[in-house]
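Read off the chains here:
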Amino acid sequence: TILLKKENVMQSDTIMSYVRDSRLPSTNVTITSTYSLILNCYVPILIAILFGMTAMHYHQYFLVLFECFKFKDFDELDHKWPGNVCDFSEAERVGFESALHQHFSIPNDKDLIMSKHYSCC
């Protein structure tokens, strides 16, 4: 798994009840952080308020994350991506994978080896 291969794997977490809105009960704060060897601690690299917890909400979140890295193509991501660990959420996993497909123009019917890029804890 990615946890065994890379020392600065990113972690994405969703925090419920940080933002409260009775009209949008699934509003949450989602944060992706990674370990900084310079600061010797975990630092957030993307923080967003999501107005839901569906695969489409996470899809949009992960699109922004991928855009931050400026990989020229999927092969570059495949070699340089440190990996991302999320809690056990099917919506997050589906959103991550669909964002990869869209961002790198990968046909939806092409299977990706997700264990190289994404893991649930």
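Residues numbered from 1 in each chain as written. Predicted model: local features only at pLDDT ≥ 70, side-chain atom pairs only at ≥ 80, totals over all residues. Heavy atoms only, no water.

### Some thoughts on the packing of helix H2 (residues 55-69) against helix H4 (residues 90-103)
The contact between H2 and H4 brings their axes to 7 Å, and the two run at 50°. In terms of orientation, H2 lies oblique with respect to H4. Crossing handedness for the pair H2 and H4: right-handed. Touching Ala55, Tyr58, His59, Phe62, Leu63, Phe66 and Glu67 of H2 are Ala91, Glu92, Val94, Gly95, Phe96, Ser98, Ala99, Leu100, Gln102 and His103, all from H4. Taken together, the residues of the contact of H2 with H4 break down into 10 nonpolar, 5 polar and 2 charged. (Axes fitted to C-alpha atoms, helices over the stretch in contact; angles between N-to-C directions. Helix = DSSP H or I, 4+ residues; strand = E, 2+ residues; numbered from the N terminus. Parallel < 35°, antiparallel > 145°, perpendicular 65-115°, else oblique. Left-handed = near helix turned anticlockwise from the far one by under 90°. Contact = heavy atoms within 4.5 Å. Nonpolar A, V, L, I, M, F, W, Y, C, P; charged D, E, K, R; others polar.)

### Thoughts on the packing of aromatic side chains
Geometrically, a pair of aromatic rings is defined through the distance of the ring centres and the angle of the planes. According to the stated counting rule, one finds 12 aromatic pairs in the structure shown. Here Phe69 and Phe71 contribute two aromatic rings whose centre-to-centre distance is 5.5 Å and whose plane-to-plane angle is 5°, an arrangement assigned as stacked. For Phe69, a relative accessible area of 29% translates into the label partly exposed. According to the relative accessible area criterion, Phe71 is buried, its value standing at 12%. Measuring from ring centre to ring centre gives 5.2 Å for Phe69 and Trp81, while their planes differ by 65°; the resulting arrangement is edge-to-face. With Phe69 in helix H2 and Trp81 in the loop between helix H3 (74-80) and strand E4 (84-86), the pair connects residues that are 12 residues apart, well separated along the chain. Taken together, the aromatic side chains of Tyr61, Phe62, Phe66, Phe69, Phe71, Phe74, Trp81, Phe96, Phe104 and Tyr118 make up a single cluster linked through ring pairs. (Phe/Tyr/Trp six-rings, centres within 6.5 Å; stacked < 30°, edge-to-face > 60°. Buried < 20%, exposed > 50% of the residue type's maximum accessible area, 1.4 Å probe, protein only.)

### Focus on the environment of Thr27
Checked against the element boundaries, Thr27 lands in the loop between strand E1 (10-16) and strand E2 (28-36). Those residues in contact with Thr27 that sit more than four places away from it in its chain are Met16, Val19, Asp21, Ile49, Leu50 and Phe51. Here the side chain of Thr27 touches Leu24 through a polar contact of 2.8 Å, landing on its backbone oxygen. (Polar contact = N/O pair within 3.5 Å; in protein donor to acceptor, adjacent residues only side chain to side chain.)

### Here we look at H4
With 14 residues, H4 should reach 20 Å at 1.5 Å per residue; the first-to-last C-alpha distance of 20 Å fits that figure. Of the positions making up H4, those classed as buried are Ala91, Glu92, Gly95, Phe96, Glu97, Ala99, Leu100 and His101. Buried positions along H4 lie against E1, H2, H3, E4 and strand E5 (118-120). Following H4 by one or two positions, Ser105 has its phi on the positive side, about 55°. (Expected span 1.5 Å × (residues − 1).)

### Here's the deal with the nonpolar core
Grouped together as the largest cluster of nonpolar side chains are 24 residues, with contacts concentrated most on Phe62, Phe66, Leu77, Trp81, Phe96 and Leu100. Residue assignment for this core shows that the elements contributing at least two residues are strand E3 (41-50), H2, H3 and H4. Ranked by residues supplied to this core, first place goes to H2 with 6 residues. Ignoring any residue separated from it by four or fewer positions in sequence, one finds Leu100 in contact with Phe66, Phe74, Leu77, Ile106, Leu112 and Met114. (Core = buried A, V, L, I, M, F, W, Y, C linked by side-chain atoms within 4.5 Å.)

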